[in-house]
Amino acid sequence: MTEREEYRRELERQNERLEQFASMVSHDLRNPLNVAQGRVDYLQGEDDNEHLAATGRALDRMEGLIEDVLALARQGQPIAEREHVTLSAVAEDAWAVVESDTATLTIDSDGTFIADATRLQQLLENLFRNAIEHGGTDVEISVGTINDGSGFFIADNGAGIPVQDRKKVLESGYSTASEGTGLGLSIVSEIVAAHDWQIDVTSSETGGARFEIAGVQNER
């Protein structure tokens, strides 16, 4: 057995264990959570109580945390197989599942490189949601390739991220939004690391946020 084959099999074993763990967490946490949400919904129908409303919001937040924690665990796993992907195609697929309101997406430039398409779409979805959450429902988002061909960027025309916070935003639990879990950009960071890429947070031409992902491969 070659070293590459052994590495692939070890990745498969790790992924299988992770899926078992994720399924257990999903079952053991979601079942009682769903019961609690159902009881709150029932009681709210009987009595419009501000305490029940607050409890409902807390349960919804717990549901979001479960989703993000599971995504964080899965997306950081090593990648066994990659394929040729086109940036514009994956960006459009990601945009299609994001609640964008009046926000707009523009493809400034396009490129093809090697990646896990599913995880790349998750990365873009999270960055799009982050831009809308912090830049407003009418934020303008652009995607394109870096001029030297080393990667791609996602930029917006929002308020931007202060220099002192640009490293912190990629850490687990960091969020400036009261309803945020603080894990969305951590998932982005994990996907970047799983690909052996690098990510840099800077400022867009309009003063908004710009995320640059470099180190992508154009060939297998």
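In this text the structure is predicted, and so the values were computed from the model without any measurement.

Engineer: Talk me through the overall build of the chain; I want residue IDs and the actual numbers.
Structural biologist: Summing up its helical and strand segments, the chain has 5 helices and 7 strands in all. Of all 220 residues assigned to the chain, the portion counted as buried reaches 40%. Of the contacts formed within the chain by residues at least 6 apart in sequence, a portion of 71% connects residues at least 24 apart. For the chain, the exposed area adds up to about 12,500 Å²; of that, 47% sits on carbon and sulfur atoms.

Engineer: I'd like to hear about the packing of aromatic side chains, residue by residue, with values.
Structural biologist: The tally for this structure, following the rule as stated, stands at 4 aromatic pairs. With 5.8 Å between their ring centres and 85° between their planes, Phe152 and Trp197 make a pair best called edge-to-face. With Phe152 in strand S5 (residues 151–156) and Trp197 in the loop between helix H5 (184–194) and strand S6 (198–203), this residue pair connects regions lying 45 residues apart in the sequence. Taking the relative accessible area as the measure of exposure, Phe152 reaches 0% and is therefore buried. A cation sits over an aromatic face here: Arg210 above Phe153, 4.0 Å from the ring centre.

Engineer: So what about the environment of Ser109? Which residues, and what values?
Structural biologist: The residue Ser109 is located in the loop between strand S2 (104–107) and strand S3 (112–115) in this model. Reaching out from Ser109, the side chain makes a polar contact with the backbone nitrogen of Thr145 at a distance of 2.8 Å.

Engineer: Quick rundown of the nonpolar core? Include the residues and the values.
Structural biologist: One finds Leu124, Phe128 and Phe152 to be the most contacted residues of the largest nonpolar core, which totals 37 residues. The greatest single-element share of this core, amounting to 8 residues, is contributed by helix H4 (residues 117–135). In this structure Phe128 touches Ala91, Ala94, Trp95, Val98, Leu105, Ile141, Val143 and Ile154, once residues within four positions along its chain are discounted. Formed by 5 residues, the second largest nonpolar core is a distinct cluster that contains Leu33, Leu59, Ile66 and Leu70.

Engineer: Report on the pairing of strand S7 (residues 209–214), specifying residues and quantitative values.
Structural biologist: Relative to S7, S5 is paired through 5 bridges, and the arrangement is antiparallel. Residue pairing across strands places Ala155 opposite Arg210, the latter belonging to S7. The pairing of S6 with S7 spans 6 bridges and is classified as antiparallel. If you follow Val201 over to S7, its bridge partner there is Phe211.

Engineer: Give me the lowdown on unusual backbone geometry, citing residues and values where you can.
Structural biologist: Phi is positive for Asp101, which is not a glycine, with a value near 50°. Examined against the element boundaries, Asp101 turns out to sit in the loop between helix H3 (87–96) and S2. Notably, Asp196 is not glycine yet its phi reads approximately 65°, a positive angle. You can see Asp196 is positioned in the loop between H5 and S6.

Engineer: If you had to explain the side chain of Ser100 to someone new, which residues and values would you point to?
Structural biologist: Within the secondary structure, Ser100 sits in the loop between H3 and S2. Setting aside its immediate chain neighbours within four residues, Ser100 contacts Trp95, Ile132 and Thr137.

The rules we used
- Residues numbered from 1 in each chain as written.
- Predicted model: local features only at pLDDT ≥ 70, side-chain atom pairs only at ≥ 80, totals over all residues.
- Heavy atoms only, no water.
- Helix = DSSP H or I, 4+ residues; strand = E, 2+ residues; numbered from the N terminus.
- Buried < 20%, exposed > 50% of the residue type's maximum accessible area, 1.4 Å probe, protein only.
- Contact = heavy atoms within 4.5 Å.
- Areas by Shrake-Rupley, 256 points an atom, 1.4 Å probe, with all protein chains shown as cover.
- Phe/Tyr/Trp six-rings, centres within 6.5 Å; stacked < 30°, edge-to-face > 60°.
- Lys NZ or Arg CZ within 6 Å of the ring centre and 35° of its normal.
- Polar contact = N/O pair within 3.5 Å; in protein donor to acceptor, adjacent residues only side chain to side chain.
- Core = buried A, V, L, I, M, F, W, Y, C linked by side-chain atoms within 4.5 Å.
- Pairing = 2+ DSSP bridges.

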